Amino acid sequence: MNVLQLLVGGLALGGNYALIALGFVIIYKSSGVLNFAQGGLLMIGAYTTYDFINVVGLQFWYAIATAMMVTGLIGIAIQELVLRRMMGRPEFTIIMVTWALLVILDQIPSQIWGQDMINLGDPWGLAMIKIGSLSIFTIDAWTLLLTAVAVSMIFLFFRFTALGVAMRAAASDLEASIAQGISPRLVFAAAWFMASALACLAGTMLSGGANVLSPDLSLLALVAFPAVVLGGMRSPWGAVLGGMIIGVAEVMTAALAAPYAPWLGHNFYQVMPYLILVAILIVRPYGLFGGAGGRRV
Amino acid sequence: MKKRDSVKTVLWVVLPAISVSIAVCFLPEFWLKLLIYAGIAAIGAIGLNLLTGNTGQASLGQPFFMGIGAYTAAFVGQDLAVYFPFWLIVATMLAAFVGALVGLLALRLRGHFLIIVTFALVFIGQHIFRNWNSVTHGTSGRSVDVGNGLLGENVFHVKVLSRDATYFILIWAFVTGLAWLTNNLLRGRIGRALMSIRDQELTAEISGIDVARYKIVAFVISSGTAGLAGALFAAYMQYTNPSEWGLLLAIQYLAMIVVGGMGSVAGSIIGAVAITLLPHCIELVSVHIPFIAQNPNDSGFMTVFALNQIIFGAMIIVFIIFAPRGLAGALERVARAAKKIIMKASPRESASSGNPAIGFK
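Residues numbered from 1 in each chain as written. Chains lettered and ligands numbered in written order. Predicted model: local features only at pLDDT ≥ 70, side-chain atom pairs only at ≥ 80, totals over all residues.

A. The overall build of chain B, seen in detail. Across its full length, chain B holds 15 helices and six strands. Residues classed as buried in chain B amount to 45% of the 361 residues present. In chain B, once contacts between residues fewer than 6 apart in sequence are set aside, the share between residues at least 24 apart is 75%. (Helix = DSSP H or I, 4+ residues; strand = E, 2+ residues; numbered from the N terminus. Buried ≥ 20, exposed ≤ 12 C-beta atoms within 10 Å, placed from the backbone. Contact = placed C-beta atoms within 7 Å.)

Spelled out as structure tokens, the structure:
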């Protein structure tokens, strides 16, 4: 088993987790909402891409761009219709609302596109790239590239645009930012748009290549939670790095658990991220990169 | 004082006894079964509400502890062939013990981290249930053949009650007992401590409340009741499998306490009954809705299951936004309004006894 090959596969998977985790962090930082509905958006994003390719007949790249816009708008709609009414309510009830949204969103794809697995229709399929002794799926290479592009675009956005700076201001102190004339409504809408668009990108890449599109996709987004926690909840860089670590750990476990430790059981790799999560929180209750901070009175 | 006590006795003993016997005698089997499920759910929901509604520790871990209860009941009651009350006690104790361990970990976590860890627990638990073959018999599940000597059709070798009726009485006796205990607990020292932790942990700590100890107490009670509920469910169903103890169940339990009323014992029971009956009521109604497919293969706009889930999700959102205190809070408000009307009405009634309708305008 080629370790380098596993590493590349793990990083590609981790790139997808990083995109989802980044979406979580953007929403969490700007509005304080822990968004469990991200999985639903991931799935709907992927199915929307499918529709733009196979029903509308767009080229893959146009399809994915349009789908990202559409999913982003769905995100804004969720924020405007539901979560805006939840401002200032206890954290727990807001979390419950996002769970409820996930329960609803989860049912939509199977009703429109059916329960069966379908082929996304991406341009790569099972194509491989050979670099020396290393052969990697083309889609994995593209995933890594797209993750890098998306992540850098987001960081540039936060660094250099007025809205990005406003979002950072709102994240560090919402009341002070409102006093400076920043509209929280605009900030939250932008956060939901970005997170949903990222979820759409991740969903599409997760269901392309050797994988297929199925309603189970939404469960994958929950794996991004260990990544977010690893990154300390509020750090975008932490989320990206956490996603990569979780991805590599998952792929490595999938390859190594069966031959070397069969007593761990079937599909042990699926619980690996959660075990990492629990282990990290035992050692560092605020995440790997999270500051302990003070307890606010 | 004495009069109030006797009123309470009536409320806690006589009323449940009467309603249970009426239910056992007159309810059709279908509804009896549903109320058994609702009672089991109420046991778990009362515990979860104590932890989440009263202590403020949101947990998605309920299915994990229910699973522990179910498999322990199966292992102790069937494989080790231990008699009726003992497998139930062992199952409850073991779940409570694991809950204490989780509580120890949870002490270090605050707010969002806790809910994330507890949902991680559900996945880890399901993995263990799927793979610990000697106890759980793997993915396909196992039979749970326990307590049929004492909890079956024969009591003192005389066929008195059907199996459903026996379970119904047993389970609603548990619900009543647990509700009574929890109510007393909440009104006393422990309850006040728990609620002060929920409202302001730091202030509670400064006031000399041992926050760590009380949080663990709350975790132990909540996981213990979950274990009890899981064991009863497995024993009643005579079967259990790993996929029962998943994330959806966790959301359902949280929905019960949100819909019923956070921090209210009565709310837990009302919520458990409402959430348990909801899918069946929708099924009954859906026959008359044209665009609903009864089977996945039928043509139709959506399946009953999907409709169920969508209504379930929408209900949680609507309740959280428009009725933050749940059904229990709404009922309380109705009762208060009714009382007001009666109080207003009665003096005028006595003044113009000839025409009582005037009082209401």
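Still to come is the rest of the account.
B. The arrangement of the overall build of chain A in detail. Helix and strand counts for chain A come out as 12 helices and two strands. Walking chain A from its N terminus toward its C terminus, one meets helices and strands in the order α-α-α-α-β-β-α-α-α-α-α-α-α-α. For 297 residues, the compact-globule formula gives about 19 Å, and the C-alpha radius of gyration of chain A, at 19 Å, lands near that figure. Along the first, second and third principal axes, the C-alpha atoms of chain A reach 60 × 50 × 35 Å. Evaluated residue by residue, chain A yields a buried proportion of 49% over its 297 residues. (Rg over C-alpha atoms; globule rule 2.2 N^0.38 Å.)

C. Geometry of the interface of chain B and chain A. Contacts between chain B and chain A engage 32 residues on the former and 33 residues on the latter. Contributions of two or more residues to the side of chain B that touches chain A are made by α5 (112-131), α12 (247-260) and α14 (304-322) of chain B. The dominant element in the side of chain B that touches chain A, judged by the number of residues it contributes, is α5 of chain B, at 11 residues. Classifying every residue of the side of chain B that touches chain A by side-chain character gives 23 nonpolar, seven polar and two charged. (Nonpolar A, V, L, I, M, F, W, Y, C, P; charged D, E, K, R; others polar.)

D. Fine view of the nonpolar core. Counting residues in hydrophobic clusters, the biggest one holds 201 residues, and the most contacted among them are Ala21, Leu22 and Ala224 of chain A together with Ala73 of chain B. Per element, the largest residue contribution to this core is 17 residues, and it comes from helix α8 (residues 184-207) of chain A. Apart from residues lying up to four places away in sequence, Ala73 of chain B is in contact with Trp87, Leu88, Ala91, Val144, Val146, Ala231, Ala234 and Ala235 of chain B. (Core = buried A, V, L, I, M, F, W, Y, C linked by C-beta atoms within 7 Å.)

E. Quick look at unusual backbone geometry. Residues and elements named next belong to chain B. Of note in the backbone geometry, His137 takes a positive phi value of approximately 60 degrees without being a glycine. With respect to the secondary-structure elements, His137 resides in the loop between α6 (133-136) and β1 (142-143). In this model, Gln238 sits at a positive phi of 60 degrees, which is unusual for a non-glycine residue. By the element assignment, Gln238 lies in the loop between α11 (211-237) and β4 (239-240).

F. Geometry of the pairing of strand β2 (residues 134-137) of chain A. Residues and elements named next belong to chain A. Relative to β2, strand β1 (residues 128-131) runs antiparallel, the two sharing four bridges. When the sheet's bridge partners are listed, Met128 is paired in β2 with Phe137. The turn joining β1 and β2, which pair antiparallel and follow one another in sequence, is formed by two residues; a positive phi near 65 degrees is taken by Gly132. (Pairing = 2+ DSSP bridges.)

G. Summary view of the environment of Met167 of chain A. Residue and element names in this part refer to chain A. Mapped onto the elements, Met167 comes out in helix α6 (residues 162-172). With 25 C-beta atoms packed within 10 Å, Met167 lands in the buried category. Taking the C-alpha atoms as reference points, Met167 and Pro215, separated by 48 residues in sequence, lie 33 Å from one another. Apart from the residues lying within four places of it in its own chain, the contact partners of Met167 are Ser30, Phe158, Val187, Ala190 and Ala191.

H. Fine view of the confidence of the model for chain A. Per-residue pLDDT for chain A averages 85, and the proportion of residues at 70 or more is 96%. Per-residue pLDDT, averaged within each element of chain A, yields its smallest value for β1 of chain A (79) and its largest for helix α3 (residues 60-81) of chain A (92). (pLDDT = per-residue confidence, 0-100.)

I. The confidence of the model for chain B, seen in detail. All names here are of chain B. Taken over all residues, the pLDDT of chain B has a mean of 83, while the share at 70 or more is 87%. Of all the helices and strands in chain B, strand β2 (residues 154-155) carries the lowest mean pLDDT, 46, while α11 carries the highest, 93. This model gives residues 152-157 a pLDDT under 50, and the stretch forms six contacts once residues within four places in sequence are excluded. This model gives residues 349-361 a pLDDT under 50, and the stretch forms seven contacts once residues within four places in sequence are excluded.

J. Spatial organisation of helix α5 (residues 138-160) of chain A. All names here are of chain A. Taking 1.5 Å as the rise per residue, α5 with 23 residues should run 33 Å; its terminal C-alpha atoms sit 33 Å apart, in good agreement. Along α5, the residues classified as buried are Ile139, Asp140, Thr143, Leu144, Thr147, Ala150, Val151 and Ile154. Contact partners of the buried residues in α5: α1 (3-31), β2, α8 and α11 (236-260). (Expected span 1.5 Å × (residues − 1).)

K. Structural detail: the packing of α5 of chain A against α6 of chain A. Residues and elements named next belong to chain A. Contact geometry of α5 with α6 gives a least axis separation of 5 Å together with a crossing angle of 80 degrees. It follows that α5 is roughly perpendicular to α6 by the angle criterion. In this structure, α5 uses Phe157, Phe158, Arg159 and Phe160 to contact α6, whose residues at the interface are Gly164, Met167 and Arg168. Each residue belonging to the contact of α5 with α6 can be placed in one class, and the counts come to four nonpolar, one polar and two charged. (Axes fitted to C-alpha atoms, helices over the stretch in contact; angles between N-to-C directions. Parallel < 35°, antiparallel > 145°, perpendicular 65-115°, else oblique.)

L. Layout of α3 of chain A. All names here are of chain A. Counted at 1.5 Å a residue, the expected span for α3 with its 22 residues is 32 Å, and the 31 Å between its end C-alpha atoms agrees. Of all the positions in α3, only Ala63, Ile64, Ala67, Met68, Thr71, Gly72, Ile74, Gly75, Ile78 and Gln79 are classed as buried. Buried residues of α3, seen end-on, are gathered within an arc of 165 degrees and therefore sit on one face of the element. Set apart from the buried face of α3 by more than 90 degrees, the exposed residues are Tyr62 and Leu81. In this structure, the buried side of α3 is in contact with α2 (38-54), α4 (91-112) and α8. (Arc of directions from axis to C-beta.)

M. The arrangement of the environment of Phe113 of chain B in detail. Within the secondary structure layout, Phe113 of chain B lies in helix α5. Considering only alpha carbons, one finds Phe113 of chain B and Ala58 of chain B, 55 residues apart in sequence, at a separation of 9.9 Å. Not counting residues up to four positions away in its chain, the partners in contact with Phe113 of chain B are Val229, Leu281 and Pro285 of chain A.

N. Main features of the environment of Ile27 of chain A. Residue and element names in this part refer to chain A. Along the chain, the position of Ile27 falls in helix α1. With 25 C-beta atoms counted inside 10 Å, the residue Ile27 sits in the buried group. Considered as a pair, Ile27 and Ala171 are 144 residues apart in the sequence and their alpha carbons are 9.5 Å apart. If we skip the residues at most four places from it in the chain, Ile27 touches Val33, Asn35, Ala191, Trp192 and Ala195.

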